[in-house]
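A look at the structure
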Amino acid sequence: MKYKFCPDCGGKCEKKSFKEYLCGLCGKSFWDEPDIGAAVLVHNPEKGYLFIVEKKEPSKGLLGLPAGYVDNNETLEEGAIRECREETGIEVSDLKYSGSNIYQVELNGVEYKGVTAFFTAETRQYGKPNDSTEVEDVVWLKKEEIVLEKIGSVDSREFIRRFLSLFPSAKQE
Ligand SMILES: [Zn+2]
């Protein structure tokens, strides 16, 4: 259950219907709807594909894509571009929507569910770890160097699996 306590006043919430939770103290309603995320697979013609080395649990030490929640008043594309800039310092162009995956993570006993929109994009920059809390390092991999098992988050791994299966000839590049 997403709204055990009211995000506004801290009162105890009761489930009212399928998706609605009602605060017993202030009476506000909250809906258990998916969080929206955006992620981007960045390509540099000289270097390959950009991955970050995750600094935070539950994926610490594993690879991930620049990704995060979309802010208010921000499109999916803007969210993907901003997260990439914040995490790696890289500016991307030629964003292309490449499908979405559902995710579900449990952190400190709270279950977070959402959907992530995946994009591909291009850059000429190399980047560096730009976010000291989330990013340990940035690495560039050629397509044939990508190992799915090293990708921490399930939704990103599924996206990369799909991406690689769409371009199997890349193995010979
Ligand atoms: Zn309340």
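Residues numbered from 1 in each chain as written. Predicted model: local features only at pLDDT ≥ 70, side-chain atom pairs only at ≥ 80, totals over all residues.

If you walk across this open sheet you meet the three strands as β1-β2-β3, and the pairing is antiparallel. A single partner strand is all that each edge strand has here, and the edge strands are β1 (13–15) and β3 (29–31). Shown here is a sheet whose adjacent strand axes are inclined to one another by a mean of 30°, direction ignored. Sheet topology note: the strand β2 (residues 20–23)/β3 ladder contains three bridges and is antiparallel. If you follow Glu-20 over to β3, its bridge partner there is Trp-31. (Pairing = 2+ DSSP bridges. Helix = DSSP H or I, 4+ residues; strand = E, 2+ residues; numbered from the N terminus. Axes fitted to C-alpha atoms, helices over the stretch in contact; angles between N-to-C directions.)

Okay, the nonpolar core next. Membership of the largest hydrophobic core comes to 26 residues, with the highest contact counts inside it found for Val-40 and Val-42. With residues up to four places along the chain from it excluded, the contact list for Val-40 reads Leu-65, Pro-66, Ala-80, Cys-84, Val-92, Phe-119 and Ala-121. (Core = buried A, V, L, I, M, F, W, Y, C linked by C-beta atoms within 7 Å. Buried ≥ 20, exposed ≤ 12 C-beta atoms within 10 Å, placed from the backbone. Contact = placed C-beta atoms within 7 Å.)

Along the chain, Glu-20 falls in strand β2. Residues Glu-20 and Phe-159, 139 residues apart in the sequence, show an inter-C-alpha distance of 31 Å. For Glu-20, the residues in contact, after removing those within four places along its chain, are Ser-29 and Trp-31.

Turning to the domain arrangement of the chain, a few remarks are in order. Each assigned domain of the chain is listed here: domain 1 (1–33) and domain 2 (35–167). When each unit is reduced to the centre of its C-alpha atoms, the spacing between domain 1 and domain 2 is 31 Å. (Domains from an automatic or database assignment.)

A separate point is unusual backbone geometry. Note the cis peptide between Glu-57 and Pro-58, where omega equals 10°. Positive phi, close to 60°, is recorded for Asn-73, a residue that is not glycine. Its place among the elements puts Asn-73 in the loop between β7 (67–69) and α1 (76–88). The phi angle at Asp-94 is positive, at roughly 55°, despite the residue not being glycine. With respect to the helices, strands and loops of the structure, Asp-94 is situated in strand β8 (residues 93–107).

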